[in-house]
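# Observations on the model geometry
Chain by chain, the residues:
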Amino acid sequence: TLLNEKIYVAGGFTQKGITDKVEVWDSESARWSKLPALPIPLHHTTVSAVNGKLYVIGGFTSNKWTPVNTTYEYNPKTQLWTEKTRMPTKRGALAASVIGDKIYVVGGANRKIFNLVNTPALEMYDPLKNSWKKLAQIPTPRDHLTTSSSSGKLYAIGGRINLNFYNNLDTNETYDPRT
């Protein structure tokens, strides 16, 4: 995610397993640097920037791909992580985009008994109110998708069905928060 002309990367996998590392790329100095670690190791999470702060939402913990509904805020000025209100739906391999000053989180996979299955969840986080709101579900539930926003609309593009990399989608769906 881009914030203050710097690129932030949080969590993921390393050769030693799941990591809580957070690193930032400064294009002016052409250098990577480390930031304070995430509160917990995560993979397949999202990172968004709103009002000068970073938000790491959802993802999986453990090698068993346990979905979480955590919302963490990072303040670059204080260099502190703060846990915020949890999102309504636990999920990883989700996507997020910012429209205005709100974060729209869509899709992903959550656990149903022993299996990971897609969720149609679309939820909006308002950082100023520290609150979540459930919105209209996405027509094509999926994980590993990407989102983008343009002209006040959210675009959900591609993805997979139930984490199966042999079942990729070319679906493009649009959500308009105004309607």
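Just above sits the structure.
Figured I'd write up the structure that's included with this text. (Residues numbered from 1 in each chain as written. Predicted model: local features only at pLDDT ≥ 70, side-chain atom pairs only at ≥ 80, totals over all residues. Heavy atoms only, no water.)

## A closer look at the pairing of strand β12 (residues 80–83)
Let me state the cut-off plainly: For two strands to be treated as a pair, DSSP must find no fewer than two bridges joining them. Comment: elements are numbered from the N terminus, with helices defined as DSSP H or I runs of at least four residues and strands as E runs of at least two.
Where strand β11 (residues 71–75) meets β12, four bridges bridge the pair, whose relative direction is antiparallel. Within β12, the residue paired with Asn 75 across the bridge is Leu 80. In sequence, β11 turns back onto β12 through a hairpin of four residues, with Gln 79 there showing a positive phi of about 55°.

## Let's talk about the pairing of strand β15 (residues 109–112)
Pairing of β15 with strand β16 (residues 115–118) involves four bridges; the strand directions are antiparallel. Within β16, the position partnered with Ala 109 by the bridge is Asn 118. Where β15 folds back on β16, the antiparallel hairpin that results is connected by two residues, among which Ile 113 adopts a positive phi of roughly 60°.

## Structural notes on the side chain of Asp 126
Condition: Per-residue accessibility, obtained with a 1.4 Å probe over protein chains only, is compared with the maximum for each type, and a residue is labelled buried under 20%, exposed over 50%, and partly exposed between these values.
Looking at the secondary structure, you find Asp 126 in strand β17 (residues 122–126). For Asp 126, a relative accessible area of 6% gives the class buried.

## So, the layout of surface pockets
Convention followed: Whether a set of points on the 1 Å grid over the protein atoms alone is a cavity depends on a 1.4 Å probe fitting there but being unable to get out, while an open set qualifies as a pocket with protein on both sides within 12 Å along at least five of seven lines; lining residues are those with an atom within 4 Å of a point. Grid points are joined across faces, edges and corners, and a volume is the space filled by probe spheres set on the points.
Approximately 170 Å³ is the volume attributed to the largest pocket. Lining the largest pocket are 13 residues, with Lys 6, Tyr 8, Val 24, Ser 33 and Leu 35 sitting closest to its centre. Of all the secondary-structure elements, those providing two or more residues to the lining of the largest pocket are β2 (6–10), β5 (22–26) and β6 (31–35). Here the lining of the largest pocket gets four residues from one element, more than from any other, and that element is β6.

## A closer look at the sheet that holds strand β13 (residues 95–99)
This is how it is decided: Lines fitted to C-alpha atoms define the axes, with helix axes restricted to the stretch in contact, and inter-axis angles between N-to-C directions lie between 0 and 180 degrees.
An order of β13-β14-β17-β18 is seen for the four strands of this open sheet, with the pairing classed as antiparallel. Only two strands of the sheet have a single neighbouring strand rather than two, namely β13 and β18 (131–134). Direction aside, neighbouring strands of the sheet carry axes that sit 25° apart on average. Where β17 meets β18, four bridges bridge the pair, whose relative direction is antiparallel. Counted as the bridge partner of Met 124 is Lys 133 from β18.

## Quick notes on the pattern of salt bridges
Quick note on the threshold: Definition used for salt bridges: Asp or Glu carboxyl oxygen within 4 Å of a side-chain nitrogen of Lys or Arg.
All told, the structure shown has eight salt bridges when counted by the stated rule. For the salt bridge of Lys 53 with Glu 73, the shortest nitrogen-to-oxygen distance reads 3.9 Å. Of this pair, Lys 53 sits in strand β8 (residues 53–57) while Glu 73 sits in strand β11, and the two are 20 residues apart along the sequence. Put simply, Lys 53, Glu 73 and Lys 84 are held in one network by salt bridges that share partners.

## Let's talk about the environment of Gln 137
With respect to the helices, strands and loops of the structure, Gln 137 is situated in the loop between β18 and β19 (146–150). Distance from Gln 137 to Val 106, taken between C-alpha atoms, is 8.4 Å for residues 31 residues apart in sequence.

## Quick look at the environment of Ile 138
Put simply, the rule reads: Here, two residues are considered to be in contact whenever any of their heavy atoms come within 4.5 Å of each other.
Tracing the chain through its elements places Ile 138 in the loop between β18 and β19. Spatially, the C-alpha atoms of Ile 138 and Ile 7 are 29 Å apart, while their sequence positions differ by 131 residues. Those residues in contact with Ile 138, other than ones at most four positions away along the chain, are Val 106, Pro 120, Ala 156 and Glu 173.

## Here we look at the packing of aromatic side chains
To be explicit about the condition: The aromatic pairing rule takes the rings of Phe, Tyr and Trp, using the six-membered ring of Trp, and pairs them if the centres are within 6.5 Å, calling planes under 30 degrees apart stacked, those over 60 edge-to-face and the rest tilted.
In this structure the tally under the stated criterion is eight aromatic pairs. With centroids separated by 6.4 Å and ring planes inclined at 45°, the aromatic side chains of Tyr 104 and Tyr 175 adopt a geometry described as tilted. Here Tyr 175 lies in strand β23 (residues 172–175) and Tyr 104 lies in strand β14 (residues 102–106), a separation of 71 residues in the sequence. Judged by relative accessible area, Tyr 104 falls into the buried class, the value being 7%.

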